[in-house]
Amino acid sequence: MKIFILEKLKSLLVFLAQATVIKYQPSIIGITGSVGKTSTKEAIHAILKDMRSLRVTRGNLNTEFGLPLTILGDWSKEDLAIVSRDSESNKLVKLFFWLKVALFGFKNIIFKIKYPEILLLEYGIQKPGDMKYLLDIAKPSIAIMTALGDVPAHLEFFNSVESLAKEKSRFVEAASAIGFVILNADDKLVYEMKDSVRAHVVTYGFDKDAEVRIINLENLSTEDRPFGVSFKLGYAGAMVPVRFTDTFGKPQAYAAAAAAAVGIIFGSNLVKISESLSKNYVPAKHRMNLIRPEAGFFILDDSYNASPASMYAAIDTVKSLTAKRKIAVLGDMLELGESGIRAHEEIGRVASEVFDFLFTVGVRGKIIAASAIKDGHILKKNIKSFDSVSEVIIELKPLLKPGDLVLIKASRGIGLDRVVDALK
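In what follows, the accompanying structure is described. Treat the numbers as computed from the prediction; the structure is a model and nothing was measured.

Regarding the side chain of Ser 39
Line of reasoning, step 1. Relative to the helices and strands, Ser 39 is located in helix α2 (residues 37–48).
Line of reasoning, step 2. Overall, the relative accessible area of 8% leaves Ser 39 in the buried class.
Line of reasoning, step 3. In this structure Ser 39 touches Gln 252, Ala 255, Tyr 281 and Arg 287, once residues within four positions along its chain are discounted.

Some details on the nonpolar core
Line of reasoning, step 1. Core analysis: the biggest nonpolar cluster contains 40 residues, and Ile 29, Ile 44, Leu 48, Ile 144, Phe 231, Leu 233 and Leu 277 have the highest contact counts within it.
Line of reasoning, step 2. Considering each element in turn, this core owes the most residues, 11 residues, to helix α9 (residues 250–265).
Line of reasoning, step 3. Apart from the residues within four sequence positions on either side, Ile 29 is in contact with Ile 44, Leu 48, Ile 118, Leu 119, Leu 120, Leu 121, Ile 142, Ile 144, Val 262 and Phe 266.
Line of reasoning, step 4. In terms of nonpolar packing, the next biggest core, distinct from the first, is built from 34 residues, Ala 17, Val 21, Leu 119 and Ala 199 among them.

Side note on the packing of aromatic side chains
Working definition: an aromatic ring pair is given by the centre-to-centre distance plus the angle between the planes.
Line of reasoning, step 1. Tallying each qualifying case throughout the model produces 12 aromatic pairs.
Line of reasoning, step 2. Arranged with centres 5.7 Å apart and planes meeting at 75°, the rings of Trp 75 and Phe 97 form a pair that is edge-to-face. Of this pair, Trp 75 sits in the loop between α3 (66–72) and α4 (77–84) while Phe 97 sits in helix α5 (residues 91–110), and the two are 22 residues apart along the sequence.
Line of reasoning, step 3. A network of ring pairs unites the aromatic residues Phe 65, Trp 75, Phe 97, Trp 98 and Phe 104 as a single cluster.
Line of reasoning, step 4. Against the face of Phe 206 rests Lys 250, its NZ or CZ located 5.3 Å from the ring centre.
Line of reasoning, step 5. The ring of Tyr 304 has Arg 287 sitting right over it, with the charged end atom 3.5 Å from the ring centre.

Things to note about the pattern of salt bridges
Side-chain pairs of opposite charge can arise whenever the charged atoms involved come near each other.
Line of reasoning, step 1. According to the stated counting rule, one finds 20 salt bridges in the structure shown.
Line of reasoning, step 2. Measuring nitrogen to oxygen at the nearest pair gives 3.0 Å for the salt bridge that ties Glu 122 to Lys 41. Placement of Glu 122 in strand β3 (residues 118–122) and of Lys 41 in helix α2 is noted, with a sequence separation of 81 residues between them.
Line of reasoning, step 3. For Glu 122, a relative accessible area of 2% corresponds to the buried category.
Line of reasoning, step 4. Of the residues examined, Lys 41 reaches a relative accessible area of 1% and is grouped as buried.
Line of reasoning, step 5. Connected via shared salt-bridge partners are Arg 225, Asp 246 and Arg 292.

Brief notes about the environment of Glu 391
Line of reasoning, step 1. Residue position: Glu 391 is located in helix α14 (residues 389–396).
Line of reasoning, step 2. Along the backbone, Glu 391 and Leu 103 are 288 residues apart, and their C-alpha atoms lie at a distance of 47 Å.
Line of reasoning, step 3. Here Ser 388 takes part through its backbone nitrogen, which lies 3.2 Å from a polar atom of the side chain of Glu 391.

So, the pairing of strand β15 (residues 405–409)
Two faces make up the sheet, and in a regular strand the side chains alternate between them.
Line of reasoning, step 1. Among the 5 residues of β15, 5 are classified as buried, and the element is accordingly described as predominantly covered.
Line of reasoning, step 2. Across the two faces of β15 the burial is the same, with Leu 405, Leu 407 and Lys 409 and Val 406 and Ile 408 all buried.
Line of reasoning, step 3. Judged from the 5 bridges that link them, strand β11 (residues 298–302) and β15 form a sheet pairing that is parallel. Across the sheet, residue Leu 300 finds its bridge partner in β15, namely Leu 407.
Line of reasoning, step 4. When strand β12 (residues 326–331) meets β15, the two strands line up parallel, connected through 5 bridges. Within β15, the residue paired with Lys 326 across the bridge is Leu 405.

So, the sheet that holds β15
Line of reasoning, step 1. The 6 strands lie next to each other as β10-β11-β15-β12-β13-β14, forming an open sheet whose pairing is mixed. Because the sheet does not close on itself, it has two edges, and the strands there are β10 (289–291) and β14 (383–386). Neighbour-to-neighbour, the strand axes of this sheet turn through a mean angle of 15°, independent of strand direction.
Line of reasoning, step 2. Of the strand pairs in this sheet, β10 and β11 are connected by 3 bridges, and their pairing is antiparallel. Of the residues in β11, the one forming a bridge with Leu 290 is Leu 300.
Line of reasoning, step 3. Taken strand by strand, helix α13 (residues 363–375) contacts β12, β13 (357–361) and β14, and its axis lies near 155° from that of β13.

Thresholds applied
Residues numbered from 1 in each chain as written. Predicted model: local features only at pLDDT ≥ 70, side-chain atom pairs only at ≥ 80, totals over all residues. Heavy atoms only, no water. Helix = DSSP H or I, 4+ residues; strand = E, 2+ residues; numbered from the N terminus. Buried < 20%, exposed > 50% of the residue type's maximum accessible area, 1.4 Å probe, protein only. Contact = heavy atoms within 4.5 Å. Core = buried A, V, L, I, M, F, W, Y, C linked by side-chain atoms within 4.5 Å. Phe/Tyr/Trp six-rings, centres within 6.5 Å; stacked < 30°, edge-to-face > 60°. Lys NZ or Arg CZ within 6 Å of the ring centre and 35° of its normal. Salt bridge = Lys/Arg side-chain N within 4 Å of Asp/Glu carboxyl O. Polar contact = N/O pair within 3.5 Å; in protein donor to acceptor, adjacent residues only side chain to side chain. Pairing = 2+ DSSP bridges. Axes fitted to C-alpha atoms, helices over the stretch in contact; angles between N-to-C directions.

Next comes the structure, spelled out in structure tokens:
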């Protein structure tokens, strides 16, 4: 009965979302990839918010329920909290919320309202067929593919990396001949998609042949504290500096470069783009954010999610920063399928070359720890594995001293944001 109701609800949401798009004809900027979707979305928002009226995907509303919800309305945090909670006492409240969504959707179709010029949407998939489902709701006129990596996230329900890439490629292939596709030139699987699209292709990345190029990236820190990241963006012979404070790493540069490509498509120039990023860009929470508790140590909060590609990027960032001691709290990377064991072993090997202490949480976290012990760069007594978040908090708090830098990262399901909250 519950499955039947959910299917009927999905069908209703799809109908209402499709009808809304047909009636108001917004420009749709879509973003997909295994990493970097939300940071890219926030960077695009920073560039376009002063130019056009737009609606942006909130939180992780990027799947079969979330995408049509974003199209239908700009829901409050309280509304979205109702959707995410699942309890007996919440069922009636949730029923009233979905009734409100349906009524709001029908009102949008029947009456003329002030609708955004641009929808900035994330497209998230977990299994074969998901992308087609989302594209049937709304096809992007500008399609952005961030990165997949050698072992992408959400690989659990796919036979191989190639099959996941094929599913993702439906996204850029859906862009019309008069649209645009923006591709990460540094990701081999993504870059190869340029041969299968009809739209005009714009590439970005560190590669010398990328049209929007990232140059001279530097993670900034002094003896006293980490500071931020700086880099330059180049396009058509012009070049501008970009600098973000209290956030770090290549992911921020990739987000800025992809967003710059969008800004250029909308007629802006690099100077205005750089100014808009400096003025408006706010890094998404729990994604390479620097937190400075009064105790004098530093937290690099990247606890929102994790894939091998984002793990490598985070560890590489810490490697480039100055700190008295470098400490990692790492947890499971979920939904990697058969590649999971090898991926966690490799993360352990890489982490052992950077950190003075390594704490892990979760079943797969133990694989990271075992691999680090085997590699031998960290003292064995400084590597510890825990089954729960509460255990690692108890062990970690007394260890921290002024000048320490703590990286906290795992898939969202592990809940390492609780470690961040406890240390703050």
